[in-house]
Amino acid sequence: MSDKMTEDEFEAAFAAATELSEYFREIGPDCDVKNKFPKQSIAKFKKSGLVALNVPKEYGGLGADILQTSKIISELSRGDSAITLAYNMHFIMVGMCMGLFSEAQNKEWLGRVADGDIVFGPFSEQRAGFSGLADMTAVPQPEGGWRLYGKKVWGTLSEAANIVTTNATITDADGNLPDTFEERVEQESFFVAEFKVDAKGQGDGVRIERTWDALGMHATGTHTIHFEGFYVPEDGFVCSWRGGAFGVLEWASLMFASIYLGMQYRVLEEARAVLSKKTLGATFGAIAAAETKVANVGHIIDGIGDMASRVELSRRVVHRTCQELVDGYDDNWPVELRFPYIGLAKTFTAENVMYMTKRAMSLVGGSSFRRGAIFERLYRDSAASMFQPLNADQSCTYIGEQLLAPEELSD
Ligand SMILES: Cc1cc2nc3c(=O)[nH]c(=O)nc-3n(C[C@H](O)[C@H](O)[C@H](O)COP(=O)(O)OP(=O)(O)OC[C@H]3O[C@@H](n4cnc5c(N)ncnc54)[C@H](O)[C@@H]3O)c2cc1C
């Protein structure tokens, strides 16, 4: 990125994020209950100017680097993690795309984002999520370009987006997928196109089916997207998907880490607010006393200290990882380990946030379990952190495989 965001510019963007975060906090509970993406937030998001946050300045954006973007996402997530997770897909795709687009595509698509357009990225399919090679097909057209056929079952932010980025496997003229695994990898491609649907989610060759029904993260509106002959012109081809995307996936894993860091801030804030005030009156149990103030109970003091330590450690891990990327330190890692090593920040934050939401409920007590309590929602929402790529199991497998490979051992 040539022209960086200055400290003053960052402070102004952060102040806009704080304001937006407060708004997300206000509307979040209703979105959770009604299981819907808050369409009324789109205008506020655009007005905040943050839509252009990580678009480089040369294309009209604010020019935030990955650390500045991370801090702003955590600030938004502190208000409401589910709404922020929706808009996070926009920041992820802008970050990934600017490293993959041609110069002409940067000018066209990032320029449009700088003017207020929103991007989403449905990639995961039903058979196998993010790591499954695309069953969605891109059938070459006689007039040039492709028509896409298939469905993506994780379409976060579709209800706000004007631009779609997705992956599909290029077929022969009759729509047949390549025969061999190697050819499928080679033909799996990354596309960008205009995304236009009506109020019912119907577009030309594309439609949103409102299927989102999950344990948590209700406000993300992660629906199913059907591609039914959706036309992508020739200049909508970006690059080979696996070869390209895996070099820029830090924008995915570190932005997810930032979401769960923001959620950790919130868990600590809410737990402190309750536990610093709560009084049990006369108790008979571990403590038998005429008056028990929970802020004086040993395991509660330790619990808050433990949670605060985890927040601080997660903050250091996420910010330090972002800073190392900004400084180019990742060049020191074997190329095969770059992505899983960067991803450790996400898996670490995910483990911490899930631990903290459970611990907070246990410390606050049974009232936290009632529907509508902030703690039960944070508990449900934090479970989503297990799934976004790479998950903890796959990261360990990936790292272990590389370290046990004969060529690594002889190195
Ligand atoms: C709230 C939310 C919003 C989301 N939004 C989006 C979105 O906007 N766009 C999008 O594309 N996706 C999105 N996702 C999808 C998500 O990122 C995953 O792709 C999805 O959860 C499915 O992938 P999976 O690996 O969890 O499951 P599966 O692929 O079904 O995996 C099943 C099991 O196999 C393991 N596994 C999978 N692949 C491999 C492999 N190659 N090697 C070894 N083990 C493997 C997994 O670890 C898991 O244990 C979202 C998820 C959530 C929770």
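Quick caveat, the model's predicted, so the values are computed rather than measured.

The rules we used
- Residues numbered from 1 in each chain as written.
- Predicted model: local features only at pLDDT ≥ 70, side-chain atom pairs only at ≥ 80, totals over all residues.
- Heavy atoms only, no water.
- Near = heavy atom within 4 Å.
- Polar contact = N/O pair within 3.5 Å; in protein donor to acceptor, adjacent residues only side chain to side chain.
- Areas by Shrake-Rupley, 256 points an atom, 1.4 Å probe, with all protein chains shown as cover.
- 1 Å grid on protein atoms, 1.4 Å probe; cavity = no way out; pocket = protein on both sides within 12 Å on 5 of 7 lines; lining within 4 Å.
- Sits in = over half its atoms within 2 Å of the grid points.
- Nonpolar A, V, L, I, M, F, W, Y, C, P; charged D, E, K, R; others polar.
- Buried < 20%, exposed > 50% of the residue type's maximum accessible area, 1.4 Å probe, protein only.
- Helix = DSSP H or I, 4+ residues; strand = E, 2+ residues; numbered from the N terminus.
- Pairing = 2+ DSSP bridges.
- Patch = residues over 30% accessible without salt bridge, like charges linked within 9 Å, V, L, I, M, F, W, Y side chains within 5 Å.
- Salt bridge = Lys/Arg side-chain N within 4 Å of Asp/Glu carboxyl O.
- Lys, Arg positive; Asp, Glu negative; His and termini not counted.
- Charge placed at Lys NZ, Arg CZ, Asp CG, Glu CD.
- UniProt positions renumbered as here; feature names shortened; annotations may be inferred.

What follows deals with the site of the ligand. Within the structure, the ligand sits among 19 residues, and S124, G129, S131, T156 and N391 are positioned closest to it. Between the ligand and G121 there is a distance of 3.0 Å, counted from a nitrogen atom to a backbone nitrogen or oxygen. T156 places a side-chain nitrogen or oxygen 2.8 Å from a nitrogen atom of the ligand. Starting from 950 Å² of accessible surface for the ligand in isolation, the protein chains cover 69%. Mapping the ligand onto the cavity grids shows that it belongs to the largest pocket. Here the residues of the shell around the ligand are counted per class, giving 10 nonpolar, nine polar and no charged.

To continue, consider the pairing of strand β5 (residues 188–194). The two faces of the sheet receive side chains in turn, since in a regular strand these alternate between them. Burial runs high along β5: six of the seven residues are buried. Inspection of the sheet shows strand β4 (residues 163–170) paired to β5 by seven bridges, in the antiparallel sense. Bridge pairing in β5 places V164 opposite A193. Sheet topology note: the β5/strand β8 (residues 237–240) ladder contains three bridges and is antiparallel. The partner of F190 across the bridge, within β8, is C239.

Our next topic: a negative patch on the surface. On the surface, D172, D174, D179, E182, E183 and E186 cluster together to form a negatively charged patch. By the secondary structure assignment, D179 is in the loop between β4 and α6 (181–187).

The subject of this paragraph is the UniProt feature "domain: Acyl-CoA dehydrogenase/oxidase N-terminal" (unreviewed entry) in the chain. Mapped onto this numbering, the UniProt entry gives "domain: Acyl-CoA dehydrogenase/oxidase N-terminal" (unreviewed entry) at residues 25–117. From the first C-alpha to the last, residues 25–117 spans 24 Å; its make-up is 66% helix and 0% strand.

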